[in-house]
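# Structural description and commentary
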Amino acid sequence: PYTTLFRSLYLTKKERKKLRRQRRLQRELEKQEAVRQGLAQPAAPKVKISNLARVLGTEATMDPTKIEKEVRKQMQARQEAHEQRNQDRKLSSDQRKEKLLQKLEKDATKETRVVVFFARNLDSRLHRSKVNLTASQLHLKGCMAVHPDCCVIVAEGGPKAVKKMRKLLCQRIKWTGGDLLDSDNEDDQDDEGVADAGPKEFKLIWEGNVAQPAFDRFRFEDAQTQASARLFFTRRNVEHYWDMALAARDEILKAESTGGL
């Protein structure tokens, strides 16, 4: 039987602001109605230095120093109450981790996104640890297969998590220098342009969607021969990942031999 799929309705920024204004107006009207019926006490006037004379009238001119001191005290109390409410709403460390995990799990249910990268070598411990740590934090599946002259990084997961991993590999890691780029505006950079900046060392060879993930977790595989590396991918029915990496390596070597790079 056919099932009907409903796409989520996304509102524009202008529409979201309009709905927020309408909700706030409705809440204010309900408060005014409760005060009119005697079910709630009217709110105290919100006195500030700027509206002191307008709100208090002649009372403000009797003892201006005393009135100003009282107004500043009320302003300080409102500021402290505001900060306390924000602090009460602030999530704890465990709650933030749980919220992030729920967002990643929800993102992973939409589709399974896969990116496959070729790297000339992954000898740097910093590069290995950063990739492994990021995959763990984003709950990504995949692998980091290391071979003496051909390395493959595969990341599987939700679109947002995979995008962050791609940003790490394409923008933040400096493959030729063995360090991380210290860039504050990395969100404004183009992934493709930065990834192609060092094609001798690193290259994105494939990106797309798959029906089911091929890996159950993020793995590290140290393969000494091409046969063992291909067997690692063959066991998961993704041997074409290794074939694409070899093709990318051969293309780079051919270009180097002819002086193209």
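Check the entry above for the structure.
Below, the structure is looked at part by part.

Reading the values: rules and limits
Residues numbered from 1 in each chain as written. Predicted model: local features only at pLDDT ≥ 70, side-chain atom pairs only at ≥ 80, totals over all residues. Heavy atoms only, no water. Pairing = 2+ DSSP bridges. Helix = DSSP H or I, 4+ residues; strand = E, 2+ residues; numbered from the N terminus. Axes fitted to C-alpha atoms, helices over the stretch in contact; angles between N-to-C directions. Contact = heavy atoms within 4.5 Å. Salt bridge = Lys/Arg side-chain N within 4 Å of Asp/Glu carboxyl O. Buried < 20%, exposed > 50% of the residue type's maximum accessible area, 1.4 Å probe, protein only. Phe/Tyr/Trp six-rings, centres within 6.5 Å; stacked < 30°, edge-to-face > 60°. Expected span 1.5 Å × (residues − 1). Arc of directions from axis to C-beta.

On to the sheet that holds strand β3 (residues 151-157). Sheet architecture is open: five strands sit in the order β6-β1-β3-β2-β7, paired in mixed fashion. Two strands bound the open sheet, and with one partner strand each, they are β6 (202-210) and β7 (218-222). Neighbouring strand axes in the sheet, compared pairwise and without regard to direction, differ in orientation by 10° on average. Pairing geometry for strand β1 (residues 112-119) and β3, over seven bridges, is antiparallel. The residue bridging Val116 from the neighbouring strand is Val154, located in β3. Each of β1, β3 and β6 touches helix α10 (residues 239-257); the most contacted strand, β6, lies at about 150° to it.

Scanning the model with the defined rule gives nine salt bridges in all. In this structure, the salt-bridge partner of Glu207 is Arg113, at a minimum N-O distance of 3.4 Å. In this pair, Glu207 sits in strand β6 while Arg113 sits in strand β1, placing the two residues 94 residues apart along the sequence. Exposure remark for Glu207: the relative accessible area of 29% places this residue in the partly exposed category. Given a relative accessible area of 24%, Arg113 falls into the partly exposed group. Two residues, Asp216 and Arg219, come together in a salt bridge whose shortest N-O distance is 3.2 Å. Note on Arg219: relative accessible area 21%, which makes it partly exposed.

Counting across every chain of the model gives five aromatic pairs. Between Phe233 and Trp242, the ring centres sit 6.3 Å apart and the planes meet at 20°, which makes this aromatic pair stacked. Of the two residues, Phe233 and Trp242, both sit in the buried class. Grouping aromatic residues by their ring pairs yields a cluster made of Phe215, Phe232, Phe233 and Trp242.

This next bit is on α10. With 19 residues, α10 should cover 27 Å at 1.5 Å per step; its first-to-last C-alpha distance of 27 Å lies within 8% of that length. Every buried residue of α10 is listed here: Tyr241, Trp242, Ala245, Leu246, Ala248, Arg249 and Ile252. Mapping the buried residues of α10 onto a view down its axis gives an arc of 160°, with all of them on the same face. Of the exposed residues in α10, those oriented more than 90 degrees away from the buried face are Lys254 and Ser257. Summarising the contacts, the buried residues of α10 are in contact with β1, β3, β6 and α9 (226-234).

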